[in-house]
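Tertiary structure, described
Spelled out, the chains give:
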Amino acid sequence: MRVAPSPALPQQTAAEQVRSVLARAVSLSLTLDGETYDLLGAHAVGARGRITLHPPADTPLADHLAGRLALGTPDVRLDLTDIAPTALRDRVRARVELTGRLVPAAPGTPGLAGDPGPLRLDLARVVLRTGTGTTEVAPGAYALASPDPLALEEAALLSHLADAHADLVGDLVVLAGSRLPHGVVRTLPLAMDRHAVSLRCEYGEGHCDLRLLFPGPARDAAEAGDMVRRLLTAPRCGHHHDHS
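Let me sum up the structure you'll find in this document. (Residues numbered from 1 in each chain as written. Predicted model: local features only at pLDDT ≥ 70, side-chain atom pairs only at ≥ 80, totals over all residues. Heavy atoms only, no water.)

Details of the nonpolar core
- Counting 30 residues, the largest nonpolar core has Val18, Leu30, Ile51, Leu78, Leu80, Leu98 and Leu102 as its most contacted members.
- Put simply, the parts of the chain that give this core at least two residues each are helix 1 (14-24), strand 1 (27-32), strand 2 (35-40), strand 4 (51-53), helix 2 (60-69), strand 5 (75-83), strand 6 (92-104) and strand 7 (119-130).
- When residues no more than four places from it in sequence are discounted, the contact partners of Val18 are Val96, Val126, Leu128, Val137 and Tyr142.
- Ala176, Leu199, Tyr203 and Leu212 belong to the second-largest nonpolar core, a separate cluster that totals 26 residues. (Core = buried A, V, L, I, M, F, W, Y, C linked by side-chain atoms within 4.5 Å. Buried < 20%, exposed > 50% of the residue type's maximum accessible area, 1.4 Å probe, protein only. Helix = DSSP H or I, 4+ residues; strand = E, 2+ residues; numbered from the N terminus. Contact = heavy atoms within 4.5 Å.)

Right, here's the structure in full:
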């Protein structure tokens, strides 16, 4: 049974989710001409979500890119996977797929053989895949969106909640009351954004995700911590759960 989240409840837009995944990602994979390369710490996200790649020089990818750039602007696909920072059974929270063309970041200065130089992605298509389905995000909406204000600190917030406040996590689960199915064997923090904290309640088989809305939006990590504590004294502020 799945209880669909109400559209009236505050939540990130798909474009904000994509921008948040990009903001905290340190790695991605690039697919060019059917070949896939893994990149670590080789990309940057600038204003309006503009993505710049810095392929390591003198690598198979650099050689491949330099050769393709000599023929024009190659079509590529970038794939990013959003992983929960806590030790859940299924840690994949979202997958983002970006497609477009690569062009030199500084026009008129093509890279040399073995070093294509920094490259900019001219974005054509954005796809977000989560446990609730697949959403295509218009490139314009992506460019206008901003990452969630907690995106960069989310991992530290969730890890601290799991490691130092297991009792608090248990207290938060109680807020679900009788709407949470029986038989939970473990509960861990799953996600946090400015609107809510989400918990993963695991069973012998399967899990249930519990989203608890904050009394108000959190603007930073300090406010997020305060909002989590306020949840326990203001349980009527609204929450829902999805069983998946």
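Details of the pattern of salt bridges
- With the rule as written, the count across this model stands at 18 salt bridges.
- Arg68 serves as the salt-bridge partner of Asp33, at 2.8 Å between the closest nitrogen and oxygen. On the criterion of sequence distance, the pair formed by Asp33 in the loop between strand 1 and strand 2 and Arg68 in helix 2 is long-range, its members being 35 residues apart.
- Given a relative accessible area of 46%, Asp33 falls into the partly exposed group.
- Overall, Arg68 belongs to the partly exposed group, its relative accessible area being 23%.
- Here the residues in one salt-bridge network are Arg24, Asp82, Arg93 and Glu154, joined through shared partners. (Salt bridge = Lys/Arg side-chain N within 4 Å of Asp/Glu carboxyl O.)

Things to note about the packing of helix 4 (residues 154-164) against helix 5 (residues 166-174)
- Across the interface, helix 4 lies against helix 5 with an axial gap of 5 Å and an inter-helix angle of 95 degrees. It follows that helix 4 is roughly perpendicular to helix 5 by the angle criterion. Here helix 4 contributes Leu161, Ala162 and Ala164 to the contact with helix 5, which in turn contributes Ala166, Leu168 and Val169.
- Looking at the contact of helix 4 with helix 5, its residues break down into six nonpolar, no polar and no charged. (Axes fitted to C-alpha atoms, helices over the stretch in contact; angles between N-to-C directions. Parallel < 35°, antiparallel > 145°, perpendicular 65-115°, else oblique. Nonpolar A, V, L, I, M, F, W, Y, C, P; charged D, E, K, R; others polar.)

Structural notes on the packing of aromatic side chains
- Within this structure, the stated rule accounts for zero aromatic pairs.
- Sitting over the ring of Tyr142, Arg19 keeps its end group 5.5 Å from the ring centre. (Phe/Tyr/Trp six-rings, centres within 6.5 Å; stacked < 30°, edge-to-face > 60°. Lys NZ or Arg CZ within 6 Å of the ring centre and 35° of its normal.)

A word on the environment of Val184
- With respect to the helices and strands, Val184 occurs in the loop between helix 5 and strand 9 (186-192).
- Judged by its relative accessible area of 33%, Val184 is partly exposed.
- Taking the C-alpha atoms as reference, Val184 lies 9.9 Å from Gly206; in sequence the two are 22 residues apart.
- In contact with Val184, other than residues within four places in its own chain, are Cys201, Glu202 and Tyr203.

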